[in-house]
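# Overview (structure and organization)
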Amino acid sequence: MKLGFLQKALAASREGRPAVLATNLTNGLQTFIEATETAGDLTLDAAALQAIRKAVTEDRNATIETADGPVFIEVFNPRLRCVIVGAVHIAQPLARMAALTGYLVTVVDPRTAFASDARFPDVVLSTDWPDEAMEKLKPNRRTAVVTLTHDPKLDDPALSVALRSDAFYIGALGSKKTHAARCKRLQALGFNEEELARIHGPVGLDIGAISPAEIAIAIMAQITQVLRAEPQSDREAA
Amino acid sequence: MMGDNEEILQQAADWRALGKGVALATVVSTWGSSPRPVGAKLALEQEGAFIGSVSGGCVEGAVIEEGLKAIADGKPRLLSFGVSNDRAWEVGLACGGKIQVFVERVE
């Protein structure tokens, strides 16, 4: 791989732009494709370009057969992001676990006593109001949103923005009773049952978690399940 | 697909910035149960230090050996591993799956 392509792939990923590297596995010739820009010495025909578009849409690497031999299509999709609303105790282990899992993490809490660098070293913090913070963060299909404040004033505005976005995962801390009350409030704001069903509440897989770190494991496991469940079964079937 | 690969590509770029010879190995196809998905990467430098993985640790030794050759001669390589491979006894995949790994020098 040309060092230049490697740097382009890193930059695209950091800046949230999808990119593709196509490699001929027989002769090693490569072409890097990003939006409308193409660079490299591997010539791609219409069929190959179509396969590349499909790979990007499905976020899946693929090998295709061409007249000049097999070509590997590698998709560099934007980094996964995790937005945690509520700089509470559970957010401390969750932020670290999400970072370890490969997510870019932002913790949102306007209460500066909670959202402090001392409590969250090396974590990006936002002390904007959750709805403003979420509008700026623009959750997309590569974003997981978890609300942990337990406080409707903070959780509800964040959930409202998340529900209007393509976030692949939305989770909200709270018992069944709390969640039922939350759904009622959000219904009053105009969200229907189908939309509210996107919220995982009570949040996390039911593994009997008690401590904040254990609850963080349950949440991270559920986020992973939602992200990977389908592609994983496809992969095993292939 | 990015995420853990970003760290690996960044390390490859950092090694190159230090003037070291670097190779990248990428899983390009899998059959059956394979421990790492298509796209999984390993980067290595000329002294044999490496980051990332292409299997559960079964074939990394052989991949690094080929990576060092690629750093030396600049030729890309497509490696196949699996239980039916000639070298199965040495570097076969215990899981019974098959994988292809593309190894290339970072120019």
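## Description of the domain arrangement of chain A
Domains assigned within chain A are domain 1 (3–76) and domain 2 (81–230). Just the C-alpha atoms count here: the centres of domain 1 of chain A and domain 2 of chain A sit 34 Å apart.

## Quick notes on helix α6 (residues 176–188) of chain A
For the α-helix, the turn length of 3.6 residues means that residues three or four positions removed from each other point alike. Residue and element names in this part refer to chain A. Between the first and last C-alpha of α6 there are 18 Å, a value that for 13 residues agrees with the 18 Å anticipated at 1.5 Å per step. What α6 keeps buried is the set H179, R182, C183 and L186. On an axial view of α6, the arc spanned by its buried residues comes to 100°, and they lie on one face. In α6, the exposed positions that point more than 90 degrees away from the buried face belong to K177, K184 and A188. Structurally, α6 contributes buried residues whose contacts are with α5 (152–163), β10 (169–172), α7 (193–196) and β11 (199–200). Taken from the residues just after α6, G190 is the one with a positive phi, measuring 110°.

## Remarks on the nonpolar core
Residues and elements named next belong to chain A. In this structure, I84, Y103, L148, I219 and I223 are the most contacted members of the largest nonpolar core, which totals 29 residues. At the level of secondary structure, the elements contributing two or more residues to this core comprise β6 (81–85), α3 (91–100), β7 (104–108), β9 (143–147) and α8 (212–237). Per-element accounting of this core gives the leading share, six residues, to α8. If near-sequence neighbours (up to four positions away) are discounted, I84 is found in contact with A91, L94, A95, V105, T106, V107, V108, V146 and L148.

## Focus on the packing of helix α4 (residues 130–137) of chain A against α5(A)
For any two helices packed against each other, the geometry comes down to the angle between their axes and how far apart the axes lie. Residue and element names in this part refer to chain A. Between α4 and α5, whose axes approach to 8 Å, the crossing angle comes to 25°. Compared by their axis directions, α4 and α5 come out roughly parallel. Like other packed secondary-structure pairs, α4 and α5 cross with a definite hand, here right-handed. On the side of α4, the interface is formed by P130, D131, M134 and E135, while α5 contributes L154, P157, A158, V161 and A162. A per-class count over the contact of α4 with α5 returns seven nonpolar, no polar and two charged.

## Some thoughts on the pairing of strand β5 (residues 98–105) of chain B
All names here are of chain B. The element β5 is extensively covered by neighbouring structure, given that six of its eight residues are classed as buried. Bridge count between strand β1 (residues 22–31) and β5: eight bridges; the pairing is antiparallel. Looking across to β5, one finds that V27 is bridged to V101. In this sheet, β5 lies alongside strand β4 (residues 77–82) in antiparallel orientation, the contact comprising six bridges. Pairing of L79 across the sheet is with V101, part of β5.

## Some details on the sheet that holds strand β2 (residues 41–45) of chain B
All names here are of chain B. In space, the five strands of this open sheet follow the order β3-β2-β1-β5-β4, with antiparallel pairing throughout. Pairing within the sheet leaves two strands with one partner each, and these edge strands are β3 (50–52) and β4. Between one strand axis and the next, the sheet turns through 20° on average, direction left out of account. Strand contacts of helix α2 (residues 60–73): β1, β2, β3, β4 and β5, with the helix running at about 25° to β5, the strand carrying the most contacts.

## A closer look at the interface of chain B and chain A
Each partner contributes to the interface: chain B provides 28 residues, whereas chain A provides 28 residues. Counting every contact that joins chain B to chain A gives three salt bridges. With a shortest N-O distance of 3.1 Å, A:E74 and B:K41 are connected by a salt bridge. With seven residues, the single largest contributor to the side of chain B that touches chain A is helix α1 (residues 4–17) of chain B. Split by residue class, the side of chain B that touches chain A holds 15 nonpolar, seven polar and six charged.

## Let's talk about the packing of α5(A) against α6(A)
All names here are of chain A. Across the interface, α5 lies against α6 with an axial gap of 11 Å and an inter-helix angle of 60°. Relative to α6, the element α5 lies oblique. For the crossing formed where α5 meets α6, the hand is right-handed. Contacts from P152, D155, D156, L159, S160 and L163 in α5 reach R182, R185 and L186 in α6. Considering only residue class, the contact of α5 with α6 consists of four nonpolar, one polar and four charged.

## Things to note about the sheet that holds strand β5 (residues 69–76) of chain A
Adjacent strands of a sheet form backbone hydrogen bonds with each other and so pair up, either parallel or antiparallel. All names here are of chain A. Strand order across the open sheet formed by five strands is β3-β2-β1-β5-β4, with antiparallel pairing between neighbours. The strands lining the two open edges of the sheet, one partner per strand, are β3 (37–40) and β4 (62–66). Taken pair by pair, the neighbouring strands of this sheet meet at an average axis angle of 20°, ignoring direction. When β4 meets β5, the two strands line up antiparallel, connected through five bridges. Across the sheet, residue A62 finds its bridge partner in β5, namely I73. Contacts from helix α2 (residues 46–58) reach β1 (19–24), β2 (30–34), β4 and β5, with the element oriented near 35° to β5.

About the thresholds
Residues numbered from 1 in each chain as written. Chains lettered and ligands numbered in written order. Predicted model: local features only at pLDDT ≥ 70, side-chain atom pairs only at ≥ 80, totals over all residues. Heavy atoms only, no water. Domains from an automatic or database assignment. Helix = DSSP H or I, 4+ residues; strand = E, 2+ residues; numbered from the N terminus. Expected span 1.5 Å × (residues − 1). Buried < 20%, exposed > 50% of the residue type's maximum accessible area, 1.4 Å probe, protein only. Arc of directions from axis to C-beta. Contact = heavy atoms within 4.5 Å. Core = buried A, V, L, I, M, F, W, Y, C linked by side-chain atoms within 4.5 Å. Axes fitted to C-alpha atoms, helices over the stretch in contact; angles between N-to-C directions. Parallel < 35°, antiparallel > 145°, perpendicular 65-115°, else oblique. Left-handed = near helix turned anticlockwise from the far one by under 90°. Nonpolar A, V, L, I, M, F, W, Y, C, P; charged D, E, K, R; others polar. Pairing = 2+ DSSP bridges. Salt bridge = Lys/Arg side-chain N within 4 Å of Asp/Glu carboxyl O.

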